[in-house]
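Descriptive structure summary
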Amino acid sequence: MEVHNFGSSPVSCHTWSKDKSQLALSPNNNKVLIYKKASEKWTEPELLSQHDLRVTSMDWAPNTNRIVTCSADRNAYVWTQCDGKWKPTLVLLRSNRAATCVRWSPRENKFAVGSGGALVAICYFEEENDWWVSKHIKKPIMSTVTSLDWHPNNILLATGSTDFRVRVFSAYIKEIEQKPQPTPWGNKMPFGNVMAEVSNAGGGWIHCVSFSTNGNKLAWVSHNSTISVVDAEADMKLVTLRTQYLPFITCLWSSEDSIVAAGYDCSPMVFQYNKQGQLSFVERLGKSQKKETDGFSAMRKFRDMDKCAVSNGSVDDTALDSIHQNSITDSRVHSVGKTGVTKFSTVGLDGKLVIWDIELNHIVTVWYEKKCLMDQDEIGLIKSFYI
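I will try to describe carefully the structure that is included in this document. (Residues numbered from 1 in each chain as written. Predicted model: local features only at pLDDT ≥ 70, side-chain atom pairs only at ≥ 80, totals over all residues. Heavy atoms only, no water.)

Check the secondary structure of the protein and you find three helices and 29 strands. A total of 387 residues make up the protein; the buried ones form 51% of that total. (Helix = DSSP H or I, 4+ residues; strand = E, 2+ residues; numbered from the N terminus. Buried < 20%, exposed > 50% of the residue type's maximum accessible area, 1.4 Å probe, protein only.)

What follows is the structure, encoded as structure tokens:
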């Protein structure tokens, strides 16, 4: 894995350019920093400072090379590079609450912005007036929209909100798009039509939603430490797994049957959704597999807790047993191969950016678990060495 440190300030969100040579991130304030990578080092960042309040989300369109940002100041800007400089264009959101999340559609002809005003703004460019306008989806959303994700067909949009519900809407804009084809989520798709609405099992507001690669499955994570999947091809079958970990903040599909989730536990977790419709935990990524050099005993543990206020008498034990040393706030796909996502990146409150090679991790895990007679600690040490 690659670990990059951008200082002590928390990183709230990030996004990549198409060739991954540029990175945009926000250090949890009203600014956006754009870094360029040259010779394995990041150059001095270019500063985008049009927003008045904290930047809450951003997305980089790979083909048109445009960045969209949204903020707690209720505004969104589309940034276009002209003569080497990034120039902003204000978007008419018409929202009276903070903008919370934003995502470009797959064809990059529109984008969606979630809001604290219990609405989603679908924004598209009007050639006649030369500006970005928006149409609102309001009903039946009852609270803040926290997460968005587009279906691969460029029409359907998944939302998660603090009213404990996940919904799939039609975001069909007839002015700029052809009539959509039927999908497992439904056939009729007028703008704003609710294609599906699922209540989160056991309560808990939704932190993140994510469509699978083919768009037939939708996964989400919520504040009650659960991860859920609904399958449109299996009669809207809902599967929810309650975990022992702290709540997840972000999730993404790494393949058609694999989900990566991360959040307050500081490490990405891999889950599998099999053909039988069962959801299960696979492994935790990024554990350093710390082991005591002189053994471990209950007596020694309590003695050191009393003497040094640490579990093993070492100052190093104040560090978490993970790569990130604080909550993970955002995850993004970095590289995609034939079988799915090969690399993804995470940022956190510790100011770190970590690029995870999930394909290598999977190969090492399968090979050693199936071919070698080793215990779990030895497998973990080998995995940490290769990764």
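The discussion continues.
A few words now on the sheet that holds strand β24 (residues 258-263). Sheet architecture is open: four strands sit in the order β23-β24-β25-β26, paired in antiparallel fashion. Every other strand in the sheet has two partners, leaving β23 (248-255) and β26 (279-284) as the edge strands with one partner each. Recorded for the sheet is a direction-independent mean angle of 30° between the axes of neighbouring strands. The pairing of strand β25 (residues 269-273) with β26 spans five bridges and is classified as antiparallel. Among the inter-strand pairings, Val270 is bridged to a residue of β26, identified as Glu283. (Pairing = 2+ DSSP bridges. Axes fitted to C-alpha atoms, helices over the stretch in contact; angles between N-to-C directions.)

To continue, consider the pairing of strand β8 (residues 66-71). Of all six residues in β8, six are buried; the element is thus mostly enclosed. One ladder, built from six bridges, connects strand β7 (residues 55-61) with β8; its direction is antiparallel. Counterpart to Asp59 in the pairing with β8 is Val68. Taking the residues between adjacent antiparallel strands as the criterion, β7 and β8 are bridged by four residues, where Asn65 takes a positive phi near 55°. Here β8 runs beside strand β9 (residues 76-82); their pairing, made up of five bridges, is antiparallel.

To continue, consider the nonpolar core. Within the largest apolar cluster, 18 residues are counted, with the highest numbers of intra-cluster contacts made by Leu156, Val168, Trp185, Val209, Leu218 and Trp220. Among the secondary structure elements, those contributing two or more residues to this core are β16 (156-161), β17 (165-170), β18 (194-199), β19 (206-211) and β20 (217-222). Contact partners of Leu218, with chain neighbours within four places excluded, come to Ala158, Val166, Val168, Trp185, Val209, Ser210, Phe211, Ser228, Val229, Val230 and Trp253. (Core = buried A, V, L, I, M, F, W, Y, C linked by side-chain atoms within 4.5 Å. Contact = heavy atoms within 4.5 Å.)

Summarising burial for strand β28 (residues 340-348): eight of the nine residues are buried, a large majority. Judged from the eight bridges that link them, strand β27 (residues 328-337) and β28 form a sheet pairing that is antiparallel. The partner of Val333 across the bridge, within β28, is Phe344. If you look at the hairpin formed by β27 and β28, you'll find two residues sitting between the two strands. Two elements, β28 and strand β29 (residues 352-357), share five bridges in a ladder whose sense is antiparallel. Considered in β29, the bridge of Ser345 is made with Ile355. Hairpin connection, β28 to β29: the antiparallel pair is bridged by three residues, and Gly351 has positive phi, about 80°.

Attention now goes to the packing of aromatic side chains. Under the defined criterion, the tally for this structure stands at 15 aromatic pairs. Relative to Trp132, the ring of Phe125 has its centre 5.3 Å away and its plane inclined at 65°; by these criteria the two rings are edge-to-face. Assessed through its relative accessible area of 26%, Phe125 is described here as partly exposed. Residue class for Trp132 comes out buried when judged on its relative accessible area of 4%. Considering the side-chain rings of Phe344 and Trp356, the 6.2 Å spacing of their centres and the 15° angle between planes classify their relative orientation as stacked. A residue pair is termed long-range when its members are at least 10 positions apart, and Phe344 in strand β28 and Trp356 in strand β29 qualify at 12 residues. Through a chain of ring-to-ring contacts, three or more aromatic side chains come together here, namely Phe6, Trp16, Tyr35 and Trp42. In this structure, Lys135 is placed above the aromatic ring of Phe191, and the distance from its NZ or CZ to the ring centre is 5.7 Å. (Phe/Tyr/Trp six-rings, centres within 6.5 Å; stacked < 30°, edge-to-face > 60°. Lys NZ or Arg CZ within 6 Å of the ring centre and 35° of its normal.)

Read these as geometric descriptors, not functional statements.
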